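# A look at the structure
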Amino acid sequence: MFTHLDHVGIAVPDLDEALAFYASTFDLHSVHEEVNEEQGVREAMLAIGDSGSCIQLLAPLRPDSPIGKFLDRSGPGIQQMAYRVEDIDDVCATLRDRGVTLLYETPKTGTAGSRVNFIHPRDAGGVLVELVEPGADAH
């Protein structure tokens, strides 16, 4: 079902400050940045060597966005675990057949043209799990 650990999403209040911290502390640098208006987030992907996995830094565009609400409720920190899949429609159908609640009826557009959906935390041990089918511009 899952082919790789795609990324770990970390909510941060200020993307520029977080990018500077990750660069100076861990030698991790952004390989992709974008603004996702639909999700209300400014984000950056930081590659972990050549593993294919990333750290995704997520900063809110507005306080009422999902990341803004997360920061208000929980403060900065891990917000999600994301797994790469080959066929998100097939994986979503399989998970629904197994009684898993997904946040979206159909996948939405994610980072770099990917298609994404999320497993509700109550069905994943309290963890928000993102399913990612990479787009043509994958990180």
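A short tour of the structure in this document, coming up. (Residues numbered from 1 in each chain as written. Predicted model: local features only at pLDDT ≥ 70, side-chain atom pairs only at ≥ 80, totals over all residues. Heavy atoms only, no water.)

## Topic: the overall build of the protein chain
In terms of helices and strands, the protein chain carries 3 helices and 8 strands. In the protein chain, the succession of α and β elements from N to C terminus is β-α-β-β-β-α-β-α-β-β-β. In summary, the protein chain has a C-alpha radius of gyration of 15 Å against a globular reference of 14 Å for 139 residues, a match within 12%. Taken along its principal axes, the extent of the C-alpha atoms in the protein chain is 45 × 35 × 25 Å. Sequence-distant contacts, at least 24 apart, represent 55% of the contacts inside the protein chain between residues at least 6 apart. Taken as a whole, the protein chain presents about 7300 Å² of accessible surface, with 51% of it coming from carbon and sulfur. (Helix = DSSP H or I, 4+ residues; strand = E, 2+ residues; numbered from the N terminus. Rg over C-alpha atoms; globule rule 2.2 N^0.38 Å. Contact = heavy atoms within 4.5 Å. Areas by Shrake-Rupley, 256 points an atom, 1.4 Å probe, with all protein chains shown as cover.)

## Here's the deal with the side chain of Gln-56
The residue Gln-56 is located in strand β4 (residues 54-60) in this model. Given the relative accessible area of 3%, Gln-56 is considered buried. For Gln-56, the side chain forms a polar contact with the side chain of His-7, separated by 2.9 Å. Not counting chain neighbours up to four residues away, the residues in contact with Gln-56 comprise His-7, Val-8, Gly-9, Ile-10, Glu-43, Ala-44, Met-45, Gln-80, Thr-111 and Glu-130. (Buried < 20%, exposed > 50% of the residue type's maximum accessible area, 1.4 Å probe, protein only. Polar contact = N/O pair within 3.5 Å; in protein donor to acceptor, adjacent residues only side chain to side chain.)

## Looking at the pairing of β4
β4 sits mainly inside the fold: 6 of its 7 residues count as buried. Looking at chain direction, strand β1 (residues 4-11) and β4 are connected through 5 bridges and run parallel. The residue of β4 that forms the bridge with Gly-9 is Gln-56. In terms of strand pairing, strand β3 (residues 41-47) meets β4 through 7 bridges, oriented antiparallel. Looking across to β4, one finds that Arg-42 is bridged to Ala-59. Taking the residues between adjacent antiparallel strands as the criterion, β3 and β4 are bridged by 6 residues, where Gly-49 takes a positive phi near 55 degrees. (Pairing = 2+ DSSP bridges.)

## A short note on the sheet that holds β4
The strand order across the open sheet built from 8 strands is β2-β3-β4-β1-β5-β8-β7-β6, with neighbouring strands paired in mixed fashion. Two strands lie at the open edges of the sheet, namely β2 (30-36) and β6 (108-109), each paired on one side alone. As judged from the 4 bridges shared by strand β5 (residues 77-84) and strand β8 (residues 129-133), these two strands associate in the parallel manner. Bridge pairing in β8 links Arg-84 to Val-132.

## Thoughts on the packing of aromatic side chains
One pass over the full model with this rule turns up 5 aromatic pairs. Each ring, one from Phe-21 and one from Phe-26, has its centre 5.5 Å from the other, and the planes form 90 degrees; the classification is edge-to-face. Members of the aromatic cluster, each reached through a chain of ring pairs, are Phe-21, Tyr-22 and Phe-26. The residue whose ring lies beneath Lys-108 is Tyr-104, and the NZ or CZ to ring-centre distance is 4.8 Å. (Phe/Tyr/Trp six-rings, centres within 6.5 Å; stacked < 30°, edge-to-face > 60°. Lys NZ or Arg CZ within 6 Å of the ring centre and 35° of its normal.)

## What about helix α3 (residues 88-97)?
Three or more residues of α3 are buried, namely Ile-88, Val-91, Cys-92 and Leu-95. One face of α3 carries all of its buried residues, which in axial projection span an arc of 100 degrees. Where α3 is buried, its residues contact β7 (115-119) and β8. Sitting at the amino-terminal end of α3 is Asp-87, which places a side-chain oxygen 3.1 Å from the backbone nitrogen of Asp-89. Remark: Gly-99 follows α3 within two positions and exhibits a positive phi of approximately 85 degrees. (Arc of directions from axis to C-beta.)

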